[in-house]
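Descriptive structure summary
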Amino acid sequence: QVAEVSETDPLTLSAWILTQQHKSVGARGRLTVLLNAIGVGCKFVSSAVRRAGLAGMMGMAGSSNVQGEDQKKLDLVANEVFKNSLRRSGQCCILVTEEEDEPIFIEEPFRGDYAVVFDPLDGSSNIDCGVSVGTIFGIYKAKNPGSGKYTLEDVMRPGTEMVAAGYCMYGSMSYMMITTGKGVAGFTLDPTLGEFVITHPNVQVPTRGPIYSINEGNAINWDVATKRYVDECKAGTHNNGKPYSLRYVGSMVADVHRTLLYGGIFMYPADKKNTKGKLRVLYECFPMAMLVEQAGGKATTGTKRSLETMPDSIHDRAPIYLGSKEEVELIEQFKKEA
Ligand code: AHG
Ligand code: MN
Ligand code: MN
Ligand code: MN
């Protein structure tokens, strides 16, 4: 999956985005401007995350968000970075972020035709111990571009209507995975250049993989089908008797990044405690489901395709099982048989 980085053909994120623009007839480059603004935001947050331990930026902010979570200082820093970068791009009409109760409507002269939903810092419970975290984003084109009329209806939509999605993972290096609906490309931030350079030109999720990823601490609350699937992973029932490995980072971006590259399945089921699951539909489930599908994998709520969910609020939640096609189809079959 990893390509040799050319020494003479600087295929940076910006250059790649332009090639995607050339593929869409009649594009006027506005999505290009928007995606580049997101790339700049990711570079800023990458720098803040890497310096946090030295700049007194670890720890709690002393506030909480609509999710009922105590916000980390870096949750708020990342949130401000993306709000500013997206506003300045002049391409957005509405922003939905995990860290704000209500949607943000962008006023003239900065208003544009795209609605962006984002999780500014995903996995923030891991930030103080240096475990990988990330940013997740999804983009809708406004229903009435150029009309000057933008409403909640521009974001309360199924994920099938997203025009682009991606994430940046701040790990050993900063990796960006992005799709505009024509496959998934991966980039690595070269700190000497300050540029994301292409390293994974055409990401393909392996059709199966002996890795399952789930918070086993919730096992007592799982439904029958999830329990059966996990038991059979442990028994190696579908792997010639060889047990699967369990890998669970606790940052969705890190668990999904590994699943995209190595295969296997990532699961955050609904359970007796969280009857709709924990992960947020708009800015966690939809972008990750779009990426996984674009890379040849599958993403389901357990009973239906994740991207066909209709969110009932901007912070709505849903169960999610995503990754290798064969693994996801197995859990779907078990759900039907339950
Ligand atoms: P966030 O940090 O943006 O609030 O998201 C945390 C999410 C997600 O990153 C991860 O998959 C999940 O929480 C882990 O939840 P548990 O700690 O319950 O396993
Ligand atoms: Mn959070
Ligand atoms: Mn998150
Ligand atoms: Mn978050």
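Residues numbered from 1 in each chain as written. Chains lettered and ligands numbered in written order. Predicted model: local features only at pLDDT ≥ 70, side-chain atom pairs only at ≥ 80, totals over all residues. Heavy atoms only, no water.

Under an unreviewed UniProt entry, the protein has the name fructose-bisphosphatase and belongs to Chlorella vulgaris. Listed in UniProt under the heading Catalytic activity (unreviewed entry), the comment for the protein reads: "beta-D-fructose 1,6-bisphosphate + H2O = beta-D-fructose 6-phosphate + phosphate". (UniProt positions renumbered as here; feature names shortened; annotations may be inferred.)

Taken together, the protein donors to the manganese ion (ligand 3) comprise Asp 119 (OD), Asp 122 (OD) and Glu 284 (OE), at separations of 1.9 to 2.1 Å. The motif formed by the donor residues of the manganese ion (ligand 3), counted along the single chain, is D-x2-D-x161-E. Separating the manganese ion (ligand 3) from the manganese ion (ligand 2) is a gap of 5.4 Å. Of this pair, Asp 122 sits in strand β5 (residues 111-122) while Glu 284 sits in helix α6 (residues 281-294), placing them 162 residues apart in sequence. The exposure class of Asp 122 is buried, given its relative accessible area of 4%. Residue Glu 284 is classed as buried on the basis of its relative accessible area of 1%. (Donors = N, O, S within 2.8 Å, 3.2 Å for Na, K, Ca; no water. Helix = DSSP H or I, 4+ residues; strand = E, 2+ residues; numbered from the N terminus. Buried < 20%, exposed > 50% of the residue type's maximum accessible area, 1.4 Å probe, protein only.)

Evaluation of the coordinates by the stated rule reveals 0 disulfides. Its sulfur unpaired, Cys 42 is 4.2 Å from the next cysteine sulfur, which belongs to Cys 168. Judged by relative accessible area, Cys 42 falls into the buried class, the value being 0%. The thiol of Cys 285 is unpaired, and the distance to the nearest cysteine sulfur, on Cys 42, comes to 19 Å. Classification of Cys 285 by relative accessible area gives buried; the value is 3%. (Disulfide = S-S within 2.5 Å.)

What follows covers unusual backbone geometry. Here Glu 108 and Pro 109 are connected by a cis peptide whose omega angle stands at 5 degrees. Within the secondary structure, Pro 109 sits in the loop between β4 (104-105) and β5. Positive phi is not limited to glycine here, since Asn 240 has a value of about 50 degrees. Within the secondary structure, Asn 240 sits in the loop between α4 (224-235) and β12 (245-246).

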